[in-house]
Amino acid sequence: MLTTETIALAQIVKSKAGRDKGRVFIVTEIVDESYVHVVDGDLRMVDRPKRKKIKHLQVTDTILRELVEAIKTGSLQDAQVRKTLDIYKK
């Protein structure tokens, strides 16, 4: 089972359930032991992240270190997220 120890800020995740099944996201906030906030810069913008259960996510090993500081300072932009995720959508 996934826990907050296995998920990190700026980690690439893929939705396993819900209407957004198959979509790739970046974790922008760890809410608690069950939920995180994710964005994709397209349908889920930085200012309106999706609250998602961790158990409904397929976690990758990829953590985008260059985006961690932008997330912490609140300077992350949708264009930056889209550009970064384009590589992982294929």
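A. Looking closely at the overall build of the protein chain. Assigned secondary structure in the protein chain consists of 2 helices and 5 strands. Along the protein chain, helices and strands appear, N-terminal first, in the series β-β-β-β-β-α-α. The C-alpha atoms of the protein chain give 12 Å as radius of gyration, which agrees with the globular expectation for 90 residues (12 Å, within 12%). Referenced to the eigenvectors of the C-alpha coordinate spread, the extents of the protein chain come out at roughly 30 × 25 × 25 Å. For the protein chain, long-range pairs separated by at least 24 residues make up 50% of all intrachain contacts whose partners lie at least 6 apart in sequence. Here the protein chain displays about 5,700 Å² of accessible surface, and carbon together with sulfur accounts for 47% of that area.

B. Main features of helix H1 (residues 65–73). Listed as buried for H1 are Leu67, Val68, Ala70 and Ile71. Those residues of H1 that are buried lie in contact with strand S2 (24–30) and helix H2 (78–86).

C. Seen up close, the sheet that holds S2. Judged by pairing direction, the sheet is antiparallel, and its 5 strands sit side by side in the order S4-S3-S2-S1-S5 without closing on themselves. Of all the strands in the sheet, the pair left with one neighbour each is strand S4 (50–53) and strand S5 (57–63). Shown here is a sheet whose adjacent strand axes are inclined to one another by a mean of 45°, direction ignored. This element, H2, spans strand S1 (11–15), S2 and strand S3 (35–39) of the sheet and lies at about 130° to S2.

D. Up close: the side chain of threonine 84. Here threonine 84 shows up in helix H2. In this structure, threonine 84 is in contact with Leu64 and Leu67, ignoring residues within four places of it in sequence.

E. Structural detail: the packing of aromatic side chains. Following the criterion strictly, the structure yields 0 aromatic pairs and no others. We note arginine 51 situated over the ring of tyrosine 35; from NZ or CZ to the ring centre the distance is 3.8 Å.

F. Spotlight on the pairing of S3. Taken across its 5 residues, S3 has 4 buried, putting it largely inside the fold. Of the pairings in the sheet, the one linking S2 to S3 comprises 4 bridges and is antiparallel in character. Looking at the pairing, isoleucine 26 lines up with valine 39 of S3. Between S2 and S3, which pair antiparallel one after the other, the connecting turn spans 4 residues.

G. Layout of the pattern of salt bridges. For the structure on display, the rule yields 3 salt bridges. Between lysine 52 and aspartate 20 there is a salt bridge; the shortest N-O distance is 2.9 Å. One end of the pair, lysine 52, is in strand S4; the other, aspartate 20, is in the loop between S1 and S2, and 32 residues separate them in sequence. Judged by relative accessible area, lysine 52 falls into the buried class, the value being 5%. Of the charged contacts in the structure, one is a salt bridge between arginine 23 and aspartate 42, with a shortest N-O distance of 3.5 Å. Residue arginine 23 is located in the loop between S1 and S2, and its partner aspartate 42 is located in the loop between S3 and S4; the two are separated by 19 residues in the primary sequence. When its relative accessible area of 39% is taken as the criterion, aspartate 42 is described as partly exposed. Overlapping salt bridges, with partners in common, bring together Arg23, Asp40 and Asp42 in one network.

Rules used throughout
Residues numbered from 1 in each chain as written. Predicted model: local features only at pLDDT ≥ 70, side-chain atom pairs only at ≥ 80, totals over all residues. Heavy atoms only, no water. Helix = DSSP H or I, 4+ residues; strand = E, 2+ residues; numbered from the N terminus. Rg over C-alpha atoms; globule rule 2.2 N^0.38 Å. Contact = heavy atoms within 4.5 Å. Areas by Shrake-Rupley, 256 points an atom, 1.4 Å probe, with all protein chains shown as cover. Buried < 20%, exposed > 50% of the residue type's maximum accessible area, 1.4 Å probe, protein only. Pairing = 2+ DSSP bridges. Axes fitted to C-alpha atoms, helices over the stretch in contact; angles between N-to-C directions. Phe/Tyr/Trp six-rings, centres within 6.5 Å; stacked < 30°, edge-to-face > 60°. Lys NZ or Arg CZ within 6 Å of the ring centre and 35° of its normal. Salt bridge = Lys/Arg side-chain N within 4 Å of Asp/Glu carboxyl O.

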